[in-house]
Amino acid sequence: MMYKILVQSFYVFFSQLLTLKLREAEQQRQQEIERVRQEEGRERMRRLCSLQQEALQLIQKIQVDYKQQEALRVDLSAYGHRGNQICGILSTVVRSSSERGYPTQDDVSLGEHSLQEMKMLVNTIEKELAAAEERKKAEDEAAKEKQKEAQQIQQQQAKLQTPAPTQDQKQTKREGLQKKASKGTLQRFLELQKVLELCQKVCEELATCKDPQTKKIRADLQRAVTTPVSQISSVSGSQVRDTFDKINNFLMGKPIVSAGRTIVVSQHPLGLDFVCLKLAEKLVSQGEEEVASHHESAFPIASVASALWERYPKVGELFLANLHKKCPYAVPFYPAFQEGISLEEYQRLLGYQVKDSIVEQQDSFLKRMSGMIRLYAAIMQVRWPYGTNQGNHPHGLNHGWLWLAQMVNMEPLSDITATLLFDFLEVCGNAMIRQYQDQFWKLLLLIKDQYFPTIEKITTSTEMGSASRLKHFLEGAVRRRDIPLPKGFLQPSFWRS
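Presented here is an overview of the structure given in this document. Just so we're clear, the structure is a prediction, and the values are computed from it rather than from any experiment.

## A few points about unusual backbone geometry
When glycine is set aside, most residues are seen to have a negative phi, and most peptide bonds are trans. Going from Val331 to Pro332, the amide bond is cis rather than trans, its omega being 0 degrees. Looking at the element boundaries, Pro332 is found in the loop between helix H12 (313-326) and helix H13 (343-349). The backbone phi angle of Ser357 is positive, close to 65 degrees, even though this residue is not glycine. Tracing the sequence through the fold places Ser357 in the loop between strand S3 (354-355) and strand S4 (358-359). For Gln437, which is not glycine, the phi torsion reads 50 degrees and is therefore positive.

## Section: the packing of helix H11 (residues 298-311) against helix H14 (residues 362-381)
Remark: H11 packs on H14, axes separated minimally by 8 Å, with the N-to-C direction vectors making an angle of 55 degrees. Taken together, the axes of H11 and H14 are oblique relative to one another. When the axes of H11 and H14 are compared, the crossing they make is right-handed. Residues Ala298, Phe299, Ile301, Ala302, Ala305, Ser306 and Trp309 of H11 lie in contact with H14, whose contacting residues are Arg374, Leu375, Ala378, Ile379 and Gln381.

## So, the state of the cysteines
Following the criterion strictly, the structure yields 0 disulfides and no others. In this structure Cys203 is not part of a disulfide, and its nearest cysteine sulfur, from Cys199, lies 4.2 Å away. The class of Cys203 is buried, set by a relative accessible area of 2%. Residue Cys276 stays outside any disulfide, its sulfur separated by 7.1 Å from that of Cys199, the closest cysteine. Of the residues examined, Cys276 reaches a relative accessible area of 4% and is grouped as buried.

## A short note on the nonpolar core
Counting residues in hydrophobic clusters, the biggest one holds 113 residues, and the most contacted among them are Leu404 and Phe440. The element contributing the most residues to this core is helix H16 (residues 416-436), with 13 residues. With near-sequence residues (within four places) excluded, Phe440 lies in contact with Trp401, Leu404, Leu425, Gly429, Met432, Ile433 and Ile483. In terms of nonpolar packing, the next biggest core, distinct from the first, is built from 14 residues, Leu51, Leu58, Ile125 and Leu129 among them.

## Quick notes on H11
With 14 residues, H11 extends 20 Å from end C-alpha to end C-alpha; this agrees with the ideal 20 Å at 1.5 Å per step. Judged by how many residues are buried, H11 sits mostly within the fold: 12 of 14 residues are covered. Along H11, the positions that sit buried rather than exposed are Ala298, Phe299, Pro300, Ile301, Ala302, Ser303, Val304, Ala305, Ser306, Ala307, Leu308 and Trp309. Buried positions along H11 lie against helix H9 (237-251), helix H10 (271-293), H12, H14 and H16.

## Observations regarding the environment of Tyr451
Structurally, Tyr451 is set in helix H17 (residues 438-458). Considering only alpha carbons, one finds Tyr451 and Glu411, 40 residues apart in sequence, at a separation of 9.2 Å.

## Topic: the pattern of salt bridges
Pairs can form between side chains of opposite charge once their charged atoms are near each other. Overall, the coordinates contain 15 salt bridges when judged by the stated rule. We note a salt bridge from Glu310 to Arg383, for which the minimum N-O separation is 3.3 Å. Of this pair, Glu310 sits in helix H11 while Arg383 sits in the loop between H14 and helix H15 (397-407); the two residues are 73 residues apart in sequence, bridging distant segments of the chain. The partly exposed category is assigned to Glu310, whose relative accessible area is 26%.

## Brief notes about the packing of aromatic side chains
Scanning the model with the defined rule gives 15 aromatic pairs in all. Look at Phe244 and Trp384: their rings are 4.6 Å apart centre to centre, the planes differ by 45 degrees, and that puts the pair in the tilted class. With Phe244 in helix H9 and Trp384 in the loop between H14 and H15, this pair connects stretches of sequence that are 140 residues apart. The pair Phe244 / Trp384 is uniform in exposure class, with both members buried. Through a chain of ring-to-ring contacts, three or more aromatic side chains come together here, namely Phe244, Trp384, Tyr386, Phe494 and Trp495. Positioned above the aromatic ring of Tyr386 is the side chain of Arg241, whose terminal nitrogen or guanidinium carbon lies 3.8 Å from the ring centre.

Reading the values: the criteria
Residues numbered from 1 in each chain as written. Predicted model: local features only at pLDDT ≥ 70, side-chain atom pairs only at ≥ 80, totals over all residues. Heavy atoms only, no water. Helix = DSSP H or I, 4+ residues; strand = E, 2+ residues; numbered from the N terminus. Axes fitted to C-alpha atoms, helices over the stretch in contact; angles between N-to-C directions. Parallel < 35°, antiparallel > 145°, perpendicular 65-115°, else oblique. Left-handed = near helix turned anticlockwise from the far one by under 90°. Contact = heavy atoms within 4.5 Å. Disulfide = S-S within 2.5 Å. Buried < 20%, exposed > 50% of the residue type's maximum accessible area, 1.4 Å probe, protein only. Core = buried A, V, L, I, M, F, W, Y, C linked by side-chain atoms within 4.5 Å. Expected span 1.5 Å × (residues − 1). Salt bridge = Lys/Arg side-chain N within 4 Å of Asp/Glu carboxyl O. Phe/Tyr/Trp six-rings, centres within 6.5 Å; stacked < 30°, edge-to-face > 60°. Lys NZ or Arg CZ within 6 Å of the ring centre and 35° of its normal.

Right under this line is the structure:
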């Protein structure tokens, strides 16, 4: 009996001891788990704080000196705003993590993603500044070139004031026509092509990205500027103004609604460069398509283009570069055939469309060239009717005078020269009369009496249509001493409609 009691007592004691040991082991395990958890939490907190510190260092690079921005004429405020947003997000995550103990792995992942976006912003800003510096350099050089162009205009006007040449002198002068544009004109043409190539290179990452989300953003950005341009018409002034306001607000960074979606240009770091490029391309394509088919549409499109050019010089430069690329005669520039290039490539340089080795018909080619020259001529003479317009026209009639003077100093091209001279004079002639008066009439007489006979000499019987049209126009203008307002010219009453 005693033995049984001892055994039971031992069993109870052993069970209690075992329970105690198990409890101690469990407590040690829980303590170890807690220690590991706290260590991992502290490590995540250190990582998150490190990410925040690195982001704060990067924000200093994003917040570019405003004087530098003003000097380079570039607005990087959207990047600074986004950088501040990212820093705010990180601060909120760090603060909330501290309040609840330690950050989670999701918090750290958010921090890493935010820092990566910050680095992308810095990289984009550096590209923007580099591009802006290149543009500033090009603009400074262009300003010098404009001074030279102004001197050329004055020299041309001075020539027109000299006594009329004798018949022998006329023949000598016509035989001395240039075969290519002036050195300054070609230099400006090449500078603009470099600006275009640089912008295309900057936008290449966005333009070629295969990521579905990025492709969606790209489509939204492009649609936001190209759709409104397609809707410009001569229906009413209020409709044209609404279209401009929509594009202008978007370029300023304000959200707009397109196809039921809210879109902001800052959705992508390269968004502004990309939309400026696509906007310029679309304006040129409206010339070769819409204006080519409906001449009266040149002026409402030109009004919007001129207003955008004045407010966003980058859009104007890209427009001009794209125009020169599609229509080299707007330079004016007649590309020469060079060894090493194929015939198809040369035809593209001349402005022809070549698809599957088939070159477009001459009528189609001339129609597109006419549309672009008509739009260009309209842009030179119109100003946006809303606003102060205190500054000079971004690309005014002085460029029209220079273009016309250089055209008649170059050897004419069969069919093309007669067609484009007629288009330009019909659209811009009235404005040139008001701007230059007697000087313009002297230039018009020079074209009629000296340059047109040279055109006739190279015109074949199948190409007489364009030459006859130009001849009839010149004779009528000189006889009446007047060029009527072009079809589609926007009267003040249009803007009240």
